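Residue-level listing of the chains:
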Amino acid sequence: MSEGAIAGFALTRAAPAKINLALHVVGQRADGHHLLESLVTFADRGDRIGLAPAAEDRFTVSGPFAAELPRDADAQGSNLVLKARDSLRAELQSRGLATAGPVHLHLEKNLPLASGIGGGSADAAATLHGLLELWGATIEAERLDAIALKLGADVPMCLRGRPLLARGIGEEITALRGFPALSMVLVNPLVAVSTPVVFRTLIDKTNPPLELPPVPLTQGDWFHVLTTLRNDLQPPAETLQPVIATVRQTLAQAGAVLVRMSGSGATCFGLFANDDLALEAANRLSVARPEWYVLGCRTTGAGA
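Below or above, wherever it landed, is the structure these notes cover. Since the model is a prediction, treat every value here as computed from it, not as a measurement.

**Quick word on the nonpolar core**
Membership of the largest hydrophobic core comes to 40 residues, with the highest contact counts inside it found for Phe 59, Leu 88, Leu 128 and Trp 135. Beyond its immediate chain neighbours, meaning those up to four positions away, Trp 135 contacts Arg 85, Leu 88, Arg 89, Leu 92, Thr 99, Ala 100, Gly 101 and Val 103.

**Considerations on the layout of surface pockets**
Here the largest pocket defines a volume of roughly 1300 Å³. Taken together, 48 residues line the largest pocket, and the ones lying closest to its centre are Ser 121, Ala 153, Asp 154, Thr 195 and Ser 264. Per-element tally for the lining of the largest pocket: the top contributor is helix 2 (residues 119-135), with 4 residues. Each residue belonging to the lining of the largest pocket can be placed in one class, and the counts come to 21 nonpolar, 23 polar and 4 charged. Computed from the structure, the second largest pocket encloses a volume of approximately 330 Å³. Of all elements in the fold, only strand 1 (11-28), strand 2 (34-53), helix 2, helix 4 (155-160) and strand 10 (293-298) reach the threshold of two or more residues within the lining of the second largest pocket. Tallied by class, the residues present in the lining of the second largest pocket amount to 13 nonpolar, 4 polar and 6 charged.

**Points about the side chain of Asn 207**
Looking at the secondary structure, you find Asn 207 in the loop between helix 5 (195-201) and helix 6 (219-227). Within polar-contact distance, the side chain of Asn 207 engages the backbone oxygen of Val 25 at 2.9 Å. There is a polar contact of 3.0 Å between the side chain of Asn 207 and the backbone oxygen of Asp 204. Not counting chain neighbours up to four residues away, the residues in contact with Asn 207 comprise Val 25, Val 26, Arg 230 and Asp 232.

**Some details on the packing of helix 1 (residues 80-94) against helix 2**
Following both chains from N to C, one finds helix 1 and helix 2 inclined at 40°, their axes separated by 8 Å at the closest point. Taken together, the axes of helix 1 and helix 2 are oblique relative to one another. Between helix 1 and helix 2 lies a crossing whose hand is right-handed. The residues of helix 2 that touch helix 1, namely those facing Leu 80, Val 81, Ala 84, Arg 85, Leu 88, Arg 89 and Leu 92, are Gly 120, Ser 121, Asp 123, Ala 124, Thr 127, Leu 128, Leu 131, Leu 132 and Trp 135. Among the residues forming the contact of helix 1 with helix 2, the class breakdown is 10 nonpolar, 3 polar and 3 charged.

**Points about the side chain of Asp 232**
Along the chain, the position of Asp 232 falls in the loop between helix 6 and helix 7 (234-240). On the accessibility criterion, Asp 232 (10% relative accessible area) is buried. Here Asp 232 is in contact with Leu 23, His 24, Val 25, Leu 202 and Asn 207, once residues within four sequence places are set aside.

**Some details on the environment of Ala 153**
Within the secondary structure, Ala 153 sits in the loop between helix 3 (141-151) and helix 4. Residue classification places Ala 153 among the partly exposed residues on the basis of a relative accessible area of 31%. The spacing of Ala 153 and Gly 168 is 15 residues in sequence and 9.5 Å in space, taken between C-alpha atoms.

**So, the environment of Thr 138**
The residue Thr 138 is located in the loop between helix 2 and helix 3 in this model. Using a relative accessible area of 67% as the deciding quantity, one classes Thr 138 as exposed. Between the alpha carbons of Thr 138 and Leu 92 there is a distance of 9.0 Å; along the sequence they are 46 residues apart.

**Considerations on the pattern of salt bridges**
All chains considered together, the criterion is met by 17 salt bridges. Between Arg 289 and Glu 291 there is a salt bridge, with its nearest N and O atoms 3.2 Å apart. On the basis of relative accessibility, which here comes to 29%, the residue Arg 289 falls in the partly exposed class. Residue class for Glu 291 comes out partly exposed when judged on its relative accessible area of 40%.

**Quick look at helix 9 (residues 275-288)**
With 14 residues, helix 9 extends 20 Å between its outermost C-alpha atoms, agreeing within 8% with the 20 Å of an ideal straight helix rising 1.5 Å per residue. Regarding helix 9, the residues found buried are Ala 278, Ala 281, Ala 282 and Leu 285. The arc that holds every buried residue of helix 9, seen down its axis, measures 100°, which confines them to one face. Opposite the packed face of helix 9, turned more than 90 degrees from it, sit the exposed residues Asp 276 and Val 287. The inward-facing, buried residues of helix 9 contact strand 7 (183-188), helix 8 (243-253), strand 9 (268-272) and strand 10. One side-chain oxygen at the N-terminal end of helix 9 lies 3.2 Å from the backbone nitrogen of Asp 276; it belongs to Asn 274.

Basis of the calculations
- Residues numbered from 1 in each chain as written.
- Predicted model: local features only at pLDDT ≥ 70, side-chain atom pairs only at ≥ 80, totals over all residues.
- Heavy atoms only, no water.
- Core = buried A, V, L, I, M, F, W, Y, C linked by side-chain atoms within 4.5 Å.
- Buried < 20%, exposed > 50% of the residue type's maximum accessible area, 1.4 Å probe, protein only.
- Contact = heavy atoms within 4.5 Å.
- 1 Å grid on protein atoms, 1.4 Å probe; cavity = no way out; pocket = protein on both sides within 12 Å on 5 of 7 lines; lining within 4 Å.
- Points joined across faces, edges and corners; volume = space filled by probe spheres on them.
- Helix = DSSP H or I, 4+ residues; strand = E, 2+ residues; numbered from the N terminus.
- Nonpolar A, V, L, I, M, F, W, Y, C, P; charged D, E, K, R; others polar.
- Polar contact = N/O pair within 3.5 Å; in protein donor to acceptor, adjacent residues only side chain to side chain.
- Axes fitted to C-alpha atoms, helices over the stretch in contact; angles between N-to-C directions.
- Parallel < 35°, antiparallel > 145°, perpendicular 65-115°, else oblique.
- Left-handed = near helix turned anticlockwise from the far one by under 90°.
- Salt bridge = Lys/Arg side-chain N within 4 Å of Asp/Glu carboxyl O.
- Expected span 1.5 Å × (residues − 1).
- Arc of directions from axis to C-beta.

Structure below.
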């Protein structure tokens, strides 16, 4: 089996990009954690995880951003795939289950690191789901969420992989039924943005909450609602990396009807009226800005 190809794995899991369509910082706890309210959806593109039984634990990587990935679970900027494996195995072994044997994990790293679209968190969530299937194990949803939250605030959201509203530090999750699929272009200027530094740069930690209408909405209604929301981390991120403002302006000029930064950056998204317009814009931007990461995609919709 080629270490550089995920195609040889019988079991694979998608790790879709997570997009914060809005992110409101509404407070800060005594322990320093910020209280957030975020409208989240997921793309139909992202990383992929391959899983297979092995004689001993192995971890291999491929993809355009593989070289930047930390390989050691205890290293600075620790690898969440390995941490997810070790955390789930410890939980299962504590229950007396002998099924959590050695595994070969392969990560196809297609998303840029530290980019505000939840790549590492999505990888961890896909690993948890995949290992439960590979090992033939089951675990209560509440306990799986607890393991995920210890890995990172975004991991429980990525376990869902569907449009949702997240509150608190990310642990209070409400599914958004009826939320539409969106035609989108993601652009990252390939500059690293430190989430802790962005939060420290944020001056006002107590901002108005994220409010959504209580009634079902059409896609046109949702577009209007999204224009009333914001990302409170966008101004401090642009102070740290002014190129983010350039990315937003470029997406707007490409025809996006709404442009905003996702998460703590530096990825920005542009929403388009349909898939054809999004794809055309992505192709033009890829040619005009070959030094940027550009991805045309469609987000996951939610059933009624």
